[in-house]
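Next come the chains, spelled out residue by residue.
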Protein chains: 2
Amino acid sequence: MSSDTSSEAQQKLIDLAAEFYDQMDSGEIPEMSIPTRTKSNIVFDEDEDVWVYGERESTRSANSIRGARKLLKAIYTIEFLDNQLEEDRSSTLRELYYLSESWDSNEAQFNDQDESNQLIEDLEIVSEVTREDFHMRPEESGATVMGPLRLREQTRRGEREIHCQEDVGEGGYQIPNNPDTIEFLECDADFVLAVETGGMRDRLVENGFDEEHNALVVHLKGQPARATRRLTRRLHDELGLPVTVFTDGDPWSYRIYGSVAYGSIKSAHLSEYLATPEAQFIGVQPEDIVEYDLPTDPLSDSDINALESELEDPRYQTDYWEEQIELQLDIGKKSEQQALASHGLDFVTETYLPERLSDMGVL
Amino acid sequence: MSSDTSSEAQQKLIDLAAEFYDQMDSGEIPEMSIPTRTKSNIVFDEDEDVWVYGERESTRSANSIRGARKLLKAIYTIEFLDNQLEEDRSSTLRELYYLSESWDSNEAQFNDQDESNQLIEDLEIVSEVTREDFHMRPEESGATVMGPLRLREQTRRGEREIHCQEDVGEGGYQIPNNPDTIEFLECDADFVLAVETGGMRDRLVENGFDEEHNALVVHLKGQPARATRRLTRRLHDELGLPVTVFTDGDPWSYRIYGSVAYGSIKSAHLSEYLATPEAQFIGVQPEDIVEYDLPTDPLSDSDINALESELEDPRYQTDYWEEQIELQLDIGKKSEQQALASHGLDFVTETYLPERLSDMGVL
């Protein structure tokens, strides 16, 4: 699988090393500029509806021992990544950190994992290659998919063709760490339904919601992994599927929706790759808590603070979110997805979701 | 799938209800006795090497309003479970809690989820039917399997035959909530390797360890779910596979090994069903930290306390564990699985695991 993406990623890494070489060759002190990755240098791009970095940059320069050491570590890491791509291997961020202990220069060893994680982020930004294309794997993999989709996954043991209903058990298809190894072959789905909790995902599968409504049920497993967000984006872009997000009705779950739709501050350089700004929120909406008379818990102080900070967040400054969040602060209550079971186990699939999806113009 | 197990579970539930009926019919106040589920009533069964309940019992009797309400809730829950089995449905513990809001008696509604969880545990113990056989699903599903095993999963959409190397992507086969729906068809594996972290699981799969050594790589995902422990037990019992457990080298990870091998206090009534007392610990052993000169972190105070409490735990009162734990307290250090990468990405599969497995008599 020494694919085009691999060679391109390798080339960009080598270009970066060549730049240091040229700087030294012409008598300059080598340096590398990257956008400052602090909260104050993240701006919401209103046109694209995603988070991006602002214009402030910081420079890693070899004009101090500290800076020189950072560049040395970058160069060792570039060499490691170049070899990794050459040999079609991959590794985790944690392995990179430990592996640096085997490097021949003690000065190039990482002091802690934050340092190696940050360097990989630097290299992602400067080279415009994603971590996945460096073949750096996350610690935890993505979640699962169930629905009418046939795909081909390029594994290191060869290609696998898998239909995400017919060829999988009840657990569904496990999304690989790098979903760009997947090619979509055939899709009978009409939309993506991304679901926060395992209990609700299992309910939808048991009730055959994916079959009855041609839905691709993607389990988010709480705050979704990069692999899950990337796959969701690709399902939207390449198959033209509307993406809907179904979570608990509390401020933390609205952030889960936000990370699917708008990206996160931590990965603002990847918003274009990971975020799906067209994703729509199904619920549980504060309005649903009232309308369907759902069992609730009172908002805690930290819930209230989180809701208030969402009101100040440009991502949630729409009429829709302001209305919902203010309603929630007003009623002082939150509900879980599974609270819909108070109207029976089939209420969510026979009544709630069809009504919401039809209101949203998806069904 | 109204299988024999379902009818048996239904019968046991009905027997329980019939007992209440008979008590009332003969003029007795209905009651139900169950083992006290406190730490002081858990004993380690030295013969079976697992935790079991002691002889202390407590009685739920209708001779108080509180007790009568508990029995009322039990009866409503029995009716719900009986219907659920009759219709071949399933539900989560959380759904049961919310669903009680729809019951016609307000007195039968659960006050919080602890109450409904506990009642299901009571019913498991009294009826000797597992939660899985009541078709109660956990919130989170089991982990994944990769290796030379062909199985048949009975899903509600029909049977699925899956080979856990040839028919799955790099993510592996997702263990369903109830692994007793799986039938083992053909197995070329020589042993089970249960792995704590996702990063290490991915390393083993990337390096083809399952292919080269005929290993079934089961991802534990930290503290393993019931489904994962049940599957591991079945792989041992039905296929005669040795089970080995590979975790980080710290007291919390030794507890992960303990829960695979000996069961947990919380599910002591299920040890026979979930625990695999013959499971062997591979490492990372404190001895390995020294021998392989692994990168370490210092033990924190809570690590030290946890190690000391393990020394008092009958499960770890063997020469092996006492030696290892005392060595660890002595060196004051811990290491992660992935620290083995300090000797290169292939060290774990080419050197460490083969050496350990051969020492243990597995390879």
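Residues numbered from 1 in each chain as written. Chains lettered and ligands numbered in written order. Predicted model: local features only at pLDDT ≥ 70, side-chain atom pairs only at ≥ 80, totals over all residues. Heavy atoms only, no water.

## Quick look at the overall build of chain A
Here comes step 1: A tally of helices and strands in chain A yields 13 helices and 17 strands.
Here comes step 2: Relative to its length of 363 residues, chain A is compact, with a C-alpha radius of gyration of 23 Å against a globular reference of 21 Å.
Here comes step 3: For chain A, the C-alpha atoms occupy an extent of roughly 70 × 45 × 35 Å along the three principal directions.
Here comes step 4: The contacts of chain A with a sequence gap of at least 6 include a subset with a gap of at least 24, amounting to 72%.
Here comes step 5: Roughly 14,900 Å² of accessible area belongs to chain A as shown, and the carbon and sulfur atoms make up 42% of that amount.
Here comes step 6: Placing the 32 positive and 79 negative side-chain charges of chain A at their respective mean positions leaves the two points 6 Å apart. (Helix = DSSP H or I, 4+ residues; strand = E, 2+ residues; numbered from the N terminus. Rg over C-alpha atoms; globule rule 2.2 N^0.38 Å. Contact = heavy atoms within 4.5 Å. Areas by Shrake-Rupley, 256 points an atom, 1.4 Å probe, with all protein chains shown as cover. Lys, Arg positive; Asp, Glu negative; His and termini not counted. Charge placed at Lys NZ, Arg CZ, Asp CG, Glu CD.)

## Overview of the interface of chain B and chain A
Note: interface size is frequently given as the accessible area lost on complex formation between the parts.
Here comes step 1: Taken residue by residue, the interface counts 55 residues in chain B and 55 residues in chain A.
Here comes step 2: For the pairing of chain B and chain A, the buried interface totals around 4,700 Å² over both sides, and the portion due to carbon and sulfur atoms is 43%.
Here comes step 3: Among the residues chain B hides against chain A, the three largest losses belong to Tyr98, Arg157 and Glu206 of chain B. Together they make up 16% of the total.
Here comes step 4: One can count 18 salt bridges joining chain B with chain A.
Here comes step 5: Put simply, Glu336 of chain A and Arg94 of chain B hold a salt bridge, and the shortest N to O gap is 3.3 Å.
Here comes step 6: The tally of links between chain B and chain A comes to 36 residue pairs in polar contact (both at pLDDT 80 or more).
Here comes step 7: At the level of elements, α2 (65-86), β5 (91-92), α3 (93-99), β7 (144-146), β8 (149-155), β9 (158-163), α5 (198-206) and α6 (209-212) of chain B are the ones that each hand at least two residues to the side of chain B that touches chain A.
Here comes step 8: Examining the composition of the side of chain B that touches chain A, we find that six residues originate from one element, α5 of chain B, more than from any other. (Buried area = accessible area lost by both parts, 1.4 Å probe. Salt bridge = Lys/Arg side-chain N within 4 Å of Asp/Glu carboxyl O. Polar contact = N/O pair within 3.5 Å; in protein donor to acceptor, adjacent residues only side chain to side chain.)

## Overview of the side chain of Glu95 of chain B
Here comes step 1: Its location among the elements puts Glu95 of chain B in helix α3.
Here comes step 2: Apart from residues lying up to four places away in sequence, Glu95 of chain B is in contact with Arg203, Gln338, Ala341 and Leu345 of chain A together with Arg137 of chain B.

## Some details on the side chain of Thr244 of chain B
Here comes step 1: Position of Thr244 of chain B relative to the elements: it lies in strand β14 (residues 243-246).
Here comes step 2: Polar contacts involving the side chain of Thr244 of chain B include one to the main-chain carbonyl oxygen of Val192 of chain B, which spans 2.9 Å.

## Section: the UniProt feature "domain: Spo11/DNA topoisomerase VI subunit A N-terminal" (unreviewed entry) in chain A
Here comes step 1: This chain's UniProt record puts "domain: Spo11/DNA topoisomerase VI subunit A N-terminal" (unreviewed entry) on residues 69-135 of chain A.
Here comes step 2: In residues 69-135 of chain A, helix accounts for 60% and strand for 3%; the two terminal C-alpha atoms are 24 Å from one another. (UniProt positions renumbered as here; feature names shortened; annotations may be inferred.)

## Side note on the sheet that holds β8 of chain B
Residue and element names in this part refer to chain B.
Here comes step 1: The three strands are arranged β9-β8-β11 in an open sheet whose pairing can be described as antiparallel. Each edge of the sheet is formed by a strand with only one pairing partner; in this case those strands are β9 and β11 (182-187). Put simply, the sheet's adjacent strands are angled 20° from each other on average, direction ignored.
Here comes step 2: Running at roughly 50° to β11, helix α7 (residues 226-239) makes contact with β8 and β11 of the sheet. (Pairing = 2+ DSSP bridges. Axes fitted to C-alpha atoms, helices over the stretch in contact; angles between N-to-C directions.)

## A closer look at α5 of chain B
Here comes step 1: For α5 of chain B, a buried count of nine out of nine residues is recorded, marking the element as mostly surrounded by other parts of the structure.
Here comes step 2: Within the sequence span of α5 of chain B, burial applies to Gly198, Gly199, Met200, Arg201, Asp202, Arg203, Leu204, Val205 and Glu206 of chain B. (Buried < 20%, exposed > 50% of the residue type's maximum accessible area, 1.4 Å probe, protein only.)

## Examining a negative patch on the surface
Residues and elements named next belong to chain A.
Here comes step 1: A cluster of acidic residues, Glu287, Glu291, Asp319, Glu323, Glu326, Glu355 and Asp359, forms a negative patch at the surface.
Here comes step 2: The element that contributes the greatest number of residues to the negative patch is helix α12 (residues 319-331), accounting for three residues.
Here comes step 3: Inspection of the secondary structure puts Asp359 in helix α13 (residues 347-359). (Patch = residues over 30% accessible without salt bridge, like charges linked within 9 Å, V, L, I, M, F, W, Y side chains within 5 Å.)

## So, the confidence of the model for chain A
Predicted coordinates in regions of low pLDDT should not be interpreted in detail.
Here comes step 1: Across chain A, the average pLDDT comes to 92, with 98% of residues at 70 or higher.
Here comes step 2: Here the complex is predicted with pTM 0.88, and the ipTM for its interfaces comes to 0.87. (pLDDT = per-residue confidence, 0-100.)

## Brief notes about the nonpolar core
Here comes step 1: Among the nonpolar cores identified, the biggest contains 44 residues, and Val145, Tyr173, Leu216, Leu235, Val245, Tyr257 and Trp321 of chain B are the most heavily contacted of them.
Here comes step 2: Take this core: its biggest share by element is six residues, from helix α8 (residues 251-262) of chain B.
Here comes step 3: Aside from chain neighbours lying at most four places away, what touches Tyr173 of chain B is Ala143, Thr144, Val145, Leu151, Glu153, Ile162, Cys164, Val168 and Ile182 of chain B.
Here comes step 4: Grouped together as the second largest cluster of nonpolar side chains are 43 residues, Leu151, Ile162, Leu220 and Val260 of chain A included. (Core = buried A, V, L, I, M, F, W, Y, C linked by side-chain atoms within 4.5 Å.)

## Structural notes on the sheet that holds strand β10 (residues 173-174) of chain A
Residues and elements named next belong to chain A.
Here comes step 1: One open sheet holds the six strands; their spatial order is β10-β7-β13-β12-β14-β15, and the pairing between them is mixed. Where the open sheet ends on each side, the last strands, each with one partner, are β10 and β15 (280-283).
Here comes step 2: With two bridges connecting them, strand β7 (residues 144-146) and strand β13 (residues 215-219) associate as antiparallel partners. Its bridge partner lying in β13, Met146 is registered against Val217.

## Details of the packing of α2 of chain B against helix α4 (residues 113-127) of chain B
Residue and element names in this part refer to chain B.
Here comes step 1: Running from N to C, α2 and α4 cross one another at 75°; their axes reach a closest spacing of 11 Å. Between α2 and α4, the interaxial angle falls into the category roughly perpendicular. Residue-level contacts link Lys70, Lys73, Ala74, Thr77, Ile78 and Leu81 of α2 to Glu115, Leu119, Ile120 and Leu123 of α4.
Here comes step 2: Looking at the contact of α2 with α4 residue by residue, the class counts come to six nonpolar, one polar and three charged. (Parallel < 35°, antiparallel > 145°, perpendicular 65-115°, else oblique. Nonpolar A, V, L, I, M, F, W, Y, C, P; charged D, E, K, R; others polar.)

## A closer look at the relation of the copies chain B and chain A
Here comes step 1: Note on the identical chains: chain B maps onto chain A by a rotation of 180° and an axial translation of 0.0 Å, with an RMSD of 0.0 Å. The symmetry that links the two subunits is that of a two-fold axis. Closest to the rotation axis within chain B is the C-alpha of Gln174 of chain B, separated from it by 3.3 Å.
Here comes step 2: Same-surface contact between copies: 100% of interface residues of chain B are shared with the interface of chain A. (Least-squares fit on C-alpha atoms with pLDDT ≥ 70 in both.)

## Section: the pattern of salt bridges
Residue and element names in this part refer to chain A.
Here comes step 1: Scanning all chains against the criterion turns up 55 salt bridges over all chains.
Here comes step 2: Between Arg234 and Asp180 there is a salt bridge, with the nearest N and O atoms lying 3.8 Å from each other. Highlighted residues: Arg234 in helix α7 (residues 226-239) and Asp180 in the loop between β10 and β11 (182-187), separated in sequence by 54 residues.
Here comes step 3: By relative accessible area, which is 7% here, Arg234 ends up buried.

## Digging into the environment of Ile304 of chain B
Residues and elements named next belong to chain B.
Here comes step 1: With respect to the helices and strands, the residue Ile304 is situated in helix α11 (residues 301-311).
Here comes step 2: Taking C-alpha positions, Ile304 is 32 Å from Asp346, a pair spaced 42 residues apart along the chain.
Here comes step 3: Ignoring any residue separated from it by four or fewer positions in sequence, one finds Ile304 in contact with Leu299 and Leu329.

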